[in-house]
Amino acid sequence: MTASRLATGGSAIDRSRPIRFSFDGATVHGFAGDTIASALLAGDVAVVGRSFKYHRPRGIWGAGVEEPNALVDIGGPRATPNTRATTEPARDGLVAKSVNATPNALTDRNAFLDRFARFIPAAFYYKTFMWPDWHRFEPRIRAMAGLGTVDADWTSPGTADQINHHCDVLVVGAGPAGLAAARLASGAGLTVTLVDDQQSPGGSLGHRAGEIDGKPAAVWVKETIDELAVGGHLILPSTTAFGIYDHNLAGLNQRHFNGRPDTLWRVRPRQIVLAAGAIERPLPFANNDLPGILSADAALAYLRRHAVLVGRRIVVATNNDSAYEVAGALAEVGAEVRLVDIRRDGMPAAPANVPLVKGRSLASASGKLRVDGVTLDDGTRFDADCVLVSGGWTPTIHLFGQARGKLAWSEARAAFLPGDPVDGIAVVGAAAGAVSLSDVFTGAGPAFAPLGQTKAPLPRSTGPEATGGILPAWPILGSKGRIWIDYQNDVTVKDVELAARENFVSVEHLKRYTTLGMATDQGKTSNLPGLALMAGITGRTVPEVGTTTYRPPFTPVPLASFAGARVGELMAPVRRLPLENVHRSSGAVFQEYGGWLRPAHYGGYADAERSIADEARRARQSVALFDGSTLGKIEVIGPQAAAFVDFLYYNTMSTLKPGRCRYGFMLSENGVVFDDGVLVRLDEHRFVVSCSSSHVSAVHARLEEWRQDRFGRGAVYIHNATAEMATLTVSGPNSRKLLETLGLGLSLDDADLPHMAIGHGSYAGDEVRVARVSFTGDRSYEISIRADRAEPLWAQLRQAGQAFDAVVIGLEALMILRAEKGFIVIGKDTDGTTLPRDLGVDGPRVKRQTEFVGRRSLFTEEASCDNRMQLVGLAVPQGEAPLPTGAHGIKRIDGRLRSQGFVTSSYQSPTLGRPVALGLIERGATRHGETIDTQHLGKISKATITAPCAFDPAGDRLHA
Amino acid sequence: MQLFPCPFCGPRDETEFHYGGDAGNIRPDGADVPIDRWANYLYLRSNPKGAAREIWVHMNCGEFFVMERDTVTHKVLSSAALDGEHVA
């Protein structure tokens, strides 16, 4: 037994609440307030995982977000892969498993890989498995590499809350600097939001010595937090500020430990104060990745917060002053501690009972599954069950970097510090390079200066002061053994050297080539040593090499946080019909069509194809009822309305008489058909654009754009009335007879209401508009009525329809009916190249003298070339099945198959008793009667090009 | 996420806006516009580094407007209605 729990102490743990959880199948004991890591340490579990590539045994390194090694998969209903054991609270019954280890971390069966490490350096896999095909090797290699495992069947227990929040000052970090800044901001009358990723505030004050305003640090922390809470400020513990985005939007992820998904906060402060502290760096020596080698500061945190003593015989190796307090504290509780400092002079006095070796560094560590000793650069060997290292401090300036803040290299601190100020962001405390509490507090003063003067006094440090002496100890070439730079990605000094040799000397290339600084920890401990090594190899300074780009998130954020409530149908809400429930009770089967939820057919789920065919056949026999409420109804009103629709439509519309309708195209400026539909002229200055159901919002936006750009406010007014009105369609030879039974109060006589005309009537006191337009090819009436009054009308249509053997049809049957007639659906029977001429409508291009959208594009070389794809009908030989939609018309050029167009719509017509199809075929309009080959999934069949209309080409049924 | 000032609604989240194109890209009328000119109008964009004048539409109120933005810093320099009457 080496690491152990002390009998007393531990500010974070509650010894009255023991807990038990499992790690790799074994039971681990702990107390409330433990993290998984502190409990594992207390139980002397040294090996907690295996490394990414070589499957090396790895132990706990740190005590916070920087942890590169101790990742665990949490199982159960709150399953999370790759959780840092150092930040995950231990709780009763939790099931944790080490990552990248089979069957467990201690006896991983892929551990043999490490013996071949010298043959698999950086980029080994890229270079080796190229022939014959990477994909043949990929599954096995992927299975061996990697970290945690995602459970594909896991579903979130709920949706994450997302909260938008505004405040004057957002303080990131509740250590001494953050607390001081928050208190001063509060004293200036500003609203403060204080976030900290730990469960309890205080930051380094939780384990480092300090006395503030004459009080112990812990007391000062509590008083400050209480004062802020009383002042009504928002304090968010267990919350990580993971990103700063444009215009100083800060993203926070708040954790809950009761099973609730995390909460995403979007905070827009006037000023951001970054007080995120600093992260301790490792030291370079051979086998510096062995379990039992920890960050010195982490060991102090485990001691003072969790009463965990990380070893009995401890070597503390350092290049800076901060490890001296650690060595002293460990010696005080009875550990045998030896301090090795790289410096010869300028260091603090050695703590009591701690022998100090000056001017020496560690050359190597030894041990198999945990460290058992170290050898110094002069050959001296010390036995040790734990090695603590401090290679200096890397300020946590990630968020400052994300906000495009420039960094400045500090020789004195051997670190990058914030450079030129960024508007709206101040960096304070250790993140700004401050070391002593006095410096921290002085720096916190001006953090929010742009927003006001504070009345609160500056806190004063009245206790011992930390010093920041440091002699850089970067990894260098030529050292013996394998020296780890990046623990998480198994990047060693040799890998960086290889990258340099192959000219991946840019820091961004270094990262991609070696994976240095990738994955869940994003190089929080490794980036600086890595780029300092690259600087040394290439004869540059550290700032000349520079850092990789800082990007959000600072720590991993669950996708559930970003998704929030936008899951499932809420991700893209469907539009619904006013009569949806009525249709459901009639056995409608609903599908989404262009954003609308509409009845596909009314035959239940059993035999959809037969129901659809039945609806399409009966619709031609007597009368069909169809809910066409999705059809666009965009009103264009105003003195310039006629000129406006002329400009928007390809066809001249201003010559339309009030009370009449005209079919036409809208084009894009590149001449392509954008939408088709019927335009209704209600009166001199009022039109209704009846656009395709799925294009309503796009057409509306387009009308608005041209209105505002070209016509102006007073000229035209546009009102989208689509949702206000339901449109019920009555179609078929007996449609007029059925309509006559309703008594709508308007003449249905063909002289008064001919095809392409509208009439006004009323139903149960509500105004109805009856339009004689047809998408079926049969005599049809579209009745538009207030959406909330449509239900009785629909009911009466169905009731009265019984006498005529009326059939209610869904969209699938309508698609068959319109395809029989050769009526197109834009975007289905046309694509992004289809010009009006390709659909056989060339008149307006030739005849129109007035300007319209897309006009010039119809006179280009491309528009006039003779091998364009044109709309045709396609017939198959007697007895054959319908062509597959998407099948290509093919031809042979020099013996090779080439596409000459494709099938856009294809159905079995129950009325005609044969398939009907539409397609876009090269020069199709001039090739009627020609038989071509079509191919679909390798199968070739014949089709004959015909006119698009296969049913009632003379159009007699419109008037029958 | 950026905050854009709609001249009619004030500062709003960028997700409420759509980009409309370069401001000042005047449409040439006529079937006989020189083809280069028409192609410029249709396809050629200036894509400046730094200050850019752009048309945006605030989807919530439906109004198109001119916004000047710095494409490097994403700072909004000005925002005004098409007729210049409303200035945010």
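Residues numbered from 1 in each chain as written. Chains lettered and ligands numbered in written order. Predicted model: local features only at pLDDT ≥ 70, side-chain atom pairs only at ≥ 80, totals over all residues.

1. Considering the sheet that holds strand β3 (residues 17-22) of chain B
Residues and elements named next belong to chain B.
Here comes step 1: Across the sheet, 4 strands lie side by side as β3-β4-β5-β6; this open sheet has antiparallel pairing. Lying at the two open borders of the sheet, with one neighbouring strand each, are β3 and β6 (76-81). The average angle at which neighbouring strand axes cross in this sheet is 30°, direction not considered.
Here comes step 2: Pairing between strand β4 (residues 51-58) and strand β5 (residues 63-70): 8 bridges, direction antiparallel. Each bridged residue has a counterpart across the sheet, and for Arg53 the counterpart in β5 is Glu68. (Pairing = 2+ DSSP bridges. Helix = DSSP H or I, 4+ residues; strand = E, 2+ residues; numbered from the N terminus. Axes fitted to C-alpha atoms, helices over the stretch in contact; angles between N-to-C directions.)

2. With respect to the packing of helix α16 (residues 608-621) of chain A against helix α21 (residues 811-820) of chain A
Residue and element names in this part refer to chain A.
Here comes step 1: The geometry of α16 relative to α21 is characterised by a closest axis approach of 8 Å and an angle of 55° between their N-to-C directions. For the element pair α16 / α21, the angle class is oblique. Considering how the two elements wind past one another, α16 and α21 form a crossing that is right-handed. Here Ile612, Glu615, Ala616 and Ala619 of α16 lie close against α21, whose contacting residues are Glu812, Ala813, Ile816 and Leu817. (Parallel < 35°, antiparallel > 145°, perpendicular 65-115°, else oblique. Left-handed = near helix turned anticlockwise from the far one by under 90°. Contact = placed C-beta atoms within 7 Å.)

3. What to know about the environment of Leu147 of chain A
Here comes step 1: Relative to the helices and strands, Leu147 of chain A resides in the loop between α3 (134-144) and β9 (162-172).
Here comes step 2: By the C-beta count within 10 Å, which is 19 here, Leu147 of chain A ends up partly exposed. (Buried ≥ 20, exposed ≤ 12 C-beta atoms within 10 Å, placed from the backbone.)

4. Some points on the environment of Leu510 of chain A
Residue and element names in this part refer to chain A.
Here comes step 1: Mapped onto the secondary structure, Leu510 falls in helix α11 (residues 507-514).
Here comes step 2: By C-beta crowding, Leu510 is classed as buried, having 26 other C-beta atoms within 10 Å.
Here comes step 3: The residues touching Leu510, leaving out its near neighbours within four places in the chain, are Val496, Ala499, Phe504, Leu516, Gly530 and Met534.

5. Things to note about helix α9 (residues 437-444) of chain A
Residue and element names in this part refer to chain A.
Here comes step 1: Counting buried positions along α9 yields 6 of 8 residues, so the element is predominantly enclosed.
Here comes step 2: Looking at α9, one finds that the buried residues are Leu437, Asp439, Val440, Phe441, Gly443 and Ala444.
Here comes step 3: Looking at the buried residues of α9, the elements they touch are α4 (176-187) and β11 (211-212).

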